[in-house]
Amino acid sequence: MSAVANPATVGECLRVGAGFSQGDRNWIAEQFATLDARLAGFHADATELEVSVKDREARGQKVTLECWIAGRQKIVTTSTEEDLHAALNDVRDDLRRKLNDAKTRQEPRNNKHLRDIPQPQGEPDPIDEDPARADAETV
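Predicted, not measured: the structure shown is a model, and the values here were computed from it. (Residues numbered from 1 in each chain as written. Predicted model: local features only at pLDDT ≥ 70, side-chain atom pairs only at ≥ 80, totals over all residues. Heavy atoms only, no water.)

### Looking at the overall build of the protein chain
Which entries qualify depends on this criterion: Strands here are runs of E lasting at least two residues and helices are runs of H or I lasting at least four, both read from the DSSP assignment and numbered beginning at the N terminus. Only protein chains enter the calculation, and the probe is 1.4 Å; a residue is then buried if its accessible area is under 20% of its type maximum, exposed if over 50%, and partly exposed in between. Note on contacts: a residue pair qualifies if any of its non-hydrogen atoms lie within 4.5 Å across the two residues. Here the open area of atoms and residues is found with the Shrake-Rupley method and a 1.4 Å probe, where only the protein chains shown may cover a residue.
From N to C terminus, the protein chain includes 7 helices and 4 strands. Along its sequence from the N terminus, the protein chain presents helices and strands in the succession α-β-α-α-β-β-β-α-α-α-α. Here the protein chain, with 139 residues, has 33% of them falling under the buried criterion. A separation threshold of at least 6 residues defines the contact pool for the protein chain, and within that pool the share at least 24 residues apart is 51%. Here the protein chain has roughly 9400 Å² of accessible surface; of this, 48% comes from carbon and sulfur atoms.

### Brief notes about the pattern of salt bridges
Put simply, the rule is: Here, a salt bridge means any side-chain nitrogen of Lys or Arg that lies within 4 Å of a carboxyl oxygen of Asp or Glu.
This model, assessed by the stated rule, comprises 7 salt bridges. Ionic pairing is found between R56 and D24, a salt bridge with its closest N-O pair at 2.8 Å. Note that R56 is positioned in the loop between β2 (47-54) and β3 (62-69) and D24 in helix α2 (residues 22-31), a separation of 32 residues in sequence. Exposure remark for R56: the relative accessible area of 31% places this residue in the partly exposed category. Here R96 and D93 are joined by a salt bridge, their closest N and O atoms 3.4 Å apart. Linking R96 with D93, this pair stays in helix α4 (residues 84-106), spanning 3 residues, or about one helical turn. A residue is classified by how much of its surface remains accessible, and D93, at 26% relative accessible area, is partly exposed. Each of R15, E48 and E50 takes part in one network of salt bridges that share partners.

### Some remarks on the sheet that holds β2
Formally: One bridge is not enough; two strands pair if DSSP finds at least two bridges between them. A fitted line through C-alpha atoms serves as each axis, taken over the contacting stretch for helices, and the angle formed by two N-to-C directions is quoted from 0 to 180°.
The strand order across the open sheet built from 4 strands is β1-β2-β3-β4, with neighbouring strands paired in mixed fashion. Among the strands making up the open sheet, the edge pair consists of β1 (14-16) and β4 (75-79). For this sheet, the mean angle separating the axes of adjacent strands, direction not counted, is 15°. Bridge count between β2 and β3: 8 bridges; the pairing is antiparallel.

### As for the environment of R72
Mapped onto the elements, R72 comes out in the loop between β3 and β4. Spatially, the C-alpha atoms of R72 and A102 are 8.8 Å apart, while their sequence positions differ by 30 residues.

### Side note on the side chain of T77
Relative to the helices and strands, T77 is located in strand β4. Judged by relative accessible area, which is 0%, T77 ranks as buried. In this structure, T77 is in contact with V63, T64, L65, V91, D94, L95 and K98, ignoring residues within four places of it in sequence.

Put into structure tokens, the structure is as follows:
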């Protein structure tokens, strides 16, 4: 379960830009559905996605996916794949990678170091030191 009350999904946040029609939106949202798990950590009302294509179905087409999340820098991914389906998958995978990198960068460094350094053991329990006393207490 997510800590966010209204988690972002591709279906809620996706806008189609230049080169795409509203009819393409559902097909694109299906292609990007695997991003839902990664976007779920952000509020839907603070997250926007926009996909656009320049020179669609022509040599040199360029697909661009932009992501705005409140409090973070805009993330832009692009692909020059000639196949539109492959280009959409390329920008989707690149966005997922960049979101993961951004999350890693925002983790407090102290937490990372604490995971790497073994924690000191507490003082031994006095019961463990004196076996006769331990037997007396368990009787």
